[in-house]
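As a plain string of letters, each chain reads:
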Amino acid sequence: MKALTAVFATTALLVGCGGGGASSTPTPPVVPSEPIVVSLTLVDAKAIESSNQIAKFKIDRTGGNGAVSLEYEFSDNPDITKGTASAGDYQLTYSDGGDVGASFELGANQNSRVIEVRPIDDEINEVPEALIVSLVDTSGYNLGADQSVTLTITDAINDSVNSRVFLGNFTPQAGVVTNGSGVLSFMLQGDNDAGLLSYTFSNLGSVQTDQHVHLAPSGVKVKEIESTGFLSNYSWDLAPGGIFVTEQQMLDALFNGEFFVNIHTANYPGGEILATLVYDTTVEPPEETELTDDQIDKDILRFLTQATFGPTPDIYEELRGQIDSDGDNFIQVYSDWIEQQFETPTTSMMSLVDATIPLFGEENKPNIRQDSFWPIALYGRDQLRQRMAFALSEILVVSDFNSVVRNAHRGLPNYWDMLAGNAFGTYRQTLEDVTLHPIMGVYLSHLRNQKADLETGAYPDENFAREVMQLFTFGLVHRQQNGAVILGADNLPIPTYDNSVIKQMAKVFTGLSFSQREVSGASADNNKFNRGLGVNDYQFRWIAPMKFFPDFHDFSEKTLFSDQGQTLVISANGSMDAGAAQAELGTVLDGLVAHSSTAPVIARKLIQRFVTSNPSPAYIERVANAFGLTGDLKAVIRAILLDVEARNPTVSSSTTFGKFKEPVLHLASYLRLFEAASRIPLGQSQSEDIPGLNYAYVDQFDSGVSLMRTGLANVGQTALRAPSVFNFFSPDFAPTGTIASNSLVSPELQLVTESQIFNSFNSFNRIIADRFVRKSTYTREHPDYSIADFTVRLNYDRLEAIWNSTAGDAAAKATALVDYLDFYLNAGQLAQTQNAGTRAAMISNLAVASEAERYQLAAYAVGTAPEFLIQR
Amino acid sequence: MKHSNGISRRKFLKRSSHYSLITAVAANSVGMLGLLSASDALADPGDPNDYKALVFLVLSGGNDSFNMIVPTGSGTLRSNYELGRGIVALPQEGLHSLNLITLASVHEGTDSSDFAMHPSCSALAELFNNQDLAVICNTGNLVEPTSREQYFADTVALPPQLFSHTDQERQLQSEPTNPFTFGWGGRMAEILAPYNTDAQVSPLVSVAGLNSFQVSRDSLINTYTLGNDGVTPLYSFTGYRRDMVESSMQSIDSSAHLMAQKYTDTFDSARLAEAIIENAFQEAESSGVDYDGIFNAAGGTNSLLTRRLKTLAKMIAGRANTSNNRPIYFVDVGGFDNHQKLLPDHGALMADVSASLKGFKDCLAAQGDFDKVLTLVGSEFARTFTPNGDDAVESGTDHGWGGHMMVMGEMVNGGQFYGSHPNLALDEGLDTGRGRWIPTTANSQCAAIAAHWMGIPEANLSSLFPTLDNFPNPFDISENLGFIAGAPVYGEQS
């Protein structure tokens, strides 16, 4: 530019000379006045109240260098459904200081200036609001092409912290008779512009036809939901519908609790059940909505640890393959897997016992029953069902410490099969089947229990009557739906019953005895109340439900437990027949399961078995809602496993979330990953030397299933062998120290003592030393099989393949081994920095161990190292 | 002391920040005395001969102690017994008579000395008649003295969840109040900390798993849990395996999951105690006392209870390997919840208890320790006096309330009944229904006397038993609880 100016100057001089010298003082040249052109440019469009994020735009001018005032104006959002910011929502300031007044000011020689839009956090729930700023054309300047900017002011950014949770419970619509129930959540994103709607429901009286969101109380429809069935993270943009024209009106109605979702059915075209969306400030949304690939991987492993007897590469791959590249559908994939598990045929423990017995002639049959747990747990395809059966067996406890129970080698597995059969039914039916099962009858002594005999001074047995309330249903004190104890006027917990109730309850369970007995090798009706407790080979009496013998049942009036001001009273029955006794039992069981404290009590116990020792009250409440009045176990297991608290990926670094793995589950996941097996196939022979069992239902198992004559592993716990009806551990056990002082519980740690730790270490030593076998006369001297055939061994093929295929030095190979084991047995948690110690210890020792010792050493480590015993 | 343990002393101290026993003991030795008033200073704990041990045996499930101690003769007590118990009443023939050196007090009845023990309890009767054993009648969990009228009028504080196993068992081991915070054994260990200076073995030793009794209040004195037969060594725990596990355990610090920390602490405790306890057992085995022979001679059947008590006898014999002079032992045995088959099943249990206690006594006597070990035998409740069926073999009894405790040891004024025996009359007096007797002595009162013998000053007893002050002083002569020789006596015989 400098060169050009010089040329002009020269020219001017020449003109002056050429002018003949007519003027002696030259005047300055007239500079044509340049027009001032002003414009607006967007710098940062978004202002956010909660984080005080500031939006910015810039004014620019060209032409002129004097001070100038620019007039401006605001305009409404052209989309009338959307919000417009008002004066109370923001403050305009200059970035170089000072408030913006009635006009934008540019000083002399100031060509641009940044204006900040500072949001005012008004704590009002508002939809995103537009702030549209335009320059007004006046005579002092011209407007450039960009004369308007649009900024938005929102309440909060869309992250998990700012999500708000609305919850609802599906209940019958007015005038509708249904057992339908369900739960709903709506996660409103931080800017209030949209949210994710999810719900499940069950027990509808007829097929679903439609589902909508409506406005209460009018019932006007505000949102059509295109599909039918459950919703999982269905995106709802809160677009105005029904009577509403703006998004803000929708948002206000949402927060006012005016929206409800209802489910229309064939029987009730106007809607069978509805759930109102109620804002719940106590519920924290999941930490993240977007998971990384790594988090998805770990979550799959966490999910499988919660829902099966242990993850394996096959089942991991099965789920992983269904998850989209962005990972958004992972909950749906789990949900689908759960639905598949609902339909998977049930493996039968009794059937497996029956099939195994002929191989072992005169062996003590309870041993065969004890062994039969392992093939089912390790290889059964109905993993979730069997996990639920195991969980139920720790609530509705019977134990083979009782000699009759133990010797009922068909009755006890029949009890297990009954639990497995009910795993996806209702708790109500489960409790009835438990009550009538002769194994429970003998264990809690209501089998052959009879009405009071005033002459002899004999009273009904109170054992079952007490425990069915204390342990199987509502527990000792009244509770809220979230499990919190309800206090009475004296500030003390309110007991659910007293001893007079127990005495009355004991009458309900009088008159029950065997319905079947054995006659000449066949099952026949039993008509003798005091039929003996014989445990012969057939055990027909132990595998059929008990029946009422009306002569021994107490038909008098019974005043039973109370709930929410209502006392259950069974009036004296005139017909005094078995049907009346059965009906009475039904009424009592209905009342027990529907009692308002039962749902939270059983919900908490089940969450503890699957996910975490210390669920939040909100988590308990969500699962209790799913439990409903009858204990819908499908809804319950969905609610437990898919809950935001169960799926929260950030718990992987929590020092409290999760649970100590109970020994049976720890051992099972270990044996599953190592494909533990004997040489004797449960199905067809694999070689001429070793005949297979040709078990009829082998298709219900994963391939590789074998006869597992392991004997008891002394790890501190054996399925169906709790020390008492109070189970292996108390749901409230809090070990001394930081756990108790933090008001936390850890039920499973009740089994962890000095002596048990050594015993468990020694059991893992026995397993890796290929001594995991029941060494009885019947295995030592078996005509077809050697003790080596019976021995259950770990399969190290996968470890060996990893070692051999990993490039690099021994440390690299060892690292690959550790990461593999960590991935499947520990959801990859060892790889985190905080667990560096165990990881390093494993790697350094595995790197130097001999080939002969290497894989055993790895197996020993994962059996004993602390991190592998924690399920987060 | 030999500490041939894999964890070196230096490493041990380094890790003590999360090995709670050490910190607890260290804190106690400087801080705990502050809890005691000046007049109640503990005796010099340095005297190695000043050794006392308490063994608390819990008969779990609710012992039907009214068939363990049975009225005889032809008086009202016996007729009430036969009337109430009906088909589960034990006939007089076959009972082992007891020679009470003073009449037993009977509540609202005539004092009597006509009592006998269950037919399977010959050894126990022998202990009683040799004045090595005493019976405390009708004790139970109580918040305050309770009458039948108050019970039915609901004008008295009752133990929470009466008749529930877990609750009553926990209250027997702590206090009849909610919420549970500590057991009286655990609290006692805190106050007795100056006597228990061993840094590697806890003074709280259980041979029956974790329990409420041994949960401490302020500090973290963990329960050390022995196996039924003592310590099982770790097999093949050498080389890389050992290095790997120890490094792994050592890497767990306060940033780890709390449950992993607890697991690691318990592993450390096991490793630290392993060698010491092994030495204790070796010392016992080489002491010349024939444990198996003595228990067998007493009628022991190698039952769980026999094994557990044998293990405790050996621990006590080898006590010089630790510097704990006030150890507190816990042992239990289950099976007492005889809702059915009371007569056969309870009979078998009585035989087991009788033989096991006799074997334990004889071993302690052979070791020269019977004067140093007080054994207290209790149960969460007794059972309904009336049966729940009309078949003598098949019927059982249900959950009750007051029942009998037993105490054993040379320091016991044996051969006597303490407290007050119910008159066994139904629907009056002490009966809350079906012969669930209201206890006339609180468990806390009995336990307080045992704790005092261990060295807890009287003024500190309510620190173990917060409801104790609701009752008359257990040392008052009116309470009839003078079962420990040399214990204080207050008041005058009326």
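From a predicted model like this one, the values you see are computed outputs, not experimental measurements.

Attention now moves to the overall build of chain A. Of regular secondary structure, chain A possesses 28 helices and 28 strands. A compact globule built from 872 residues should have a C-alpha radius of gyration of about 29 Å, whereas chain A, at 37 Å, is more than 25% larger. Here chain A holds 872 residues, and the buried ones make up 50% of them. If you take every contact in chain A between residues at least 6 apart in sequence, the share linking residues at least 24 apart comes to 70%.

With that settled, the discussion passes to the overall build of chain B. When helices and strands are counted, chain B shows 14 helices and 12 strands. Buried positions account for 58% of the 494 residues belonging to chain B.

Attention shifts here to the packing of helix α6 (residues 349-356) of chain A against helix α7 (residues 365-379) of chain A. Residue and element names in this part refer to chain A. Running from N to C, α6 and α7 point in directions that differ by 120°, and their axes come no closer than 9 Å. With respect to each other, α6 and α7 are oriented oblique. For α6 against α7, the interelement crossing comes out right-handed. Where α6 abuts α7, its residues Met 349, Leu 352, Val 353 and Thr 356 lie against Ile 368, Arg 369, Ser 372, Pro 375 and Ile 376.

What follows is about the sheet that holds strand β8 (residues 112-119) of chain A. Residue and element names in this part refer to chain A. If you trace the five strands from one edge of the open sheet to the other, you get β6-β8-β3-β1-β10, paired in mixed fashion. Either end of the sheet is taken by a strand with one partner, and the two such strands are β6 (90-94) and β10 (142-143). Pairing geometry for strand β3 (residues 55-62) and β8, over six bridges, is antiparallel. Bridging across to β8, Phe 57 finds its partner in Ile 115.

Across the chain, the bulk of peptide bonds are trans and the bulk of non-glycine residues have phi less than zero. Residue and element names in this part refer to chain A. The peptide bond linking Ala 216 to Pro 217 adopts the cis configuration, its omega dihedral lying at -5°. Looking at the element boundaries, Pro 217 is found in the loop between β15 (208-215) and β16 (221-224). In the Ramachandran plot, Asn 52 falls in the positive-phi region, its phi being about 55° despite a non-glycine side chain. Here Asn 52 lies in the loop between β2 (46-48) and β3. The exposure class assigned to Asn 52 is exposed, which follows from the 11 C-beta atoms found within 10 Å.

Contact with chain A, which involves 57 residues of that partner, is made by 63 residues of chain B. The biggest single contributor to the side of chain A that touches chain B is helix α22 (residues 754-768) of chain A, with eight residues. In terms of residue class, the side of chain A that touches chain B is made up of 25 nonpolar, 26 polar and six charged.

Per the domain assignment, the segments of chain A are domain 1 (37-154), domain 2 (160-279), domain 3 (436-596) and domain 4 (657-871). Using C-alpha coordinates to define each centre, domain 2 of chain A is positioned 41 Å away from domain 3 of chain A.

One finds A:Val623, A:Val636, A:Ile640 and B:Tyr329 to be the most contacted residues of the largest nonpolar core, which totals 346 residues. When residues of this core are assigned to their parent elements, the largest contribution, 14 residues, is made by helix α9 (residues 258-285) of chain B. Excluding its chain neighbours within four sequence positions, the residues that come into contact with B:Tyr329 are B:Ala53, B:Leu54, B:Val55, B:Phe56, B:Val205, B:Val207 and B:Leu312. Within the second largest apolar cluster, 22 residues are counted, among which are A:Tyr90, A:Phe104, A:Leu131 and A:Ile153.

Here the focus is the sheet that holds strand β2 (residues 69-71) of chain B. Residues and elements named next belong to chain B. Strands sit in the order β2-β4-β3 across an open sheet of three strands; the sheet is antiparallel. Of all the strands in the sheet, the pair left with one neighbour each is β2 and β3 (96-97). Where β2 and strand β4 (residues 115-117) come together, three bridges link them in antiparallel fashion. The partner of Pro 71 across the bridge, within β4, is Phe 115.

Turning our eyes to something else, we now look at helix α10 (residues 411-421) of chain A. Among the 11 residues of α10(A), nine are classified as buried, and the element is accordingly described as predominantly covered. Looking only at α10(A), the buried set comprises A:Gly411, A:Leu412, A:Pro413, A:Asn414, A:Tyr415, A:Trp416, A:Met418, A:Leu419 and A:Ala420.

What counts as what
Residues numbered from 1 in each chain as written. Chains lettered and ligands numbered in written order. Predicted model: local features only at pLDDT ≥ 70, side-chain atom pairs only at ≥ 80, totals over all residues. Helix = DSSP H or I, 4+ residues; strand = E, 2+ residues; numbered from the N terminus. Rg over C-alpha atoms; globule rule 2.2 N^0.38 Å. Buried ≥ 20, exposed ≤ 12 C-beta atoms within 10 Å, placed from the backbone. Contact = placed C-beta atoms within 7 Å. Axes fitted to C-alpha atoms, helices over the stretch in contact; angles between N-to-C directions. Parallel < 35°, antiparallel > 145°, perpendicular 65-115°, else oblique. Left-handed = near helix turned anticlockwise from the far one by under 90°. Pairing = 2+ DSSP bridges. Nonpolar A, V, L, I, M, F, W, Y, C, P; charged D, E, K, R; others polar. Domains from an automatic or database assignment. Core = buried A, V, L, I, M, F, W, Y, C linked by C-beta atoms within 7 Å.

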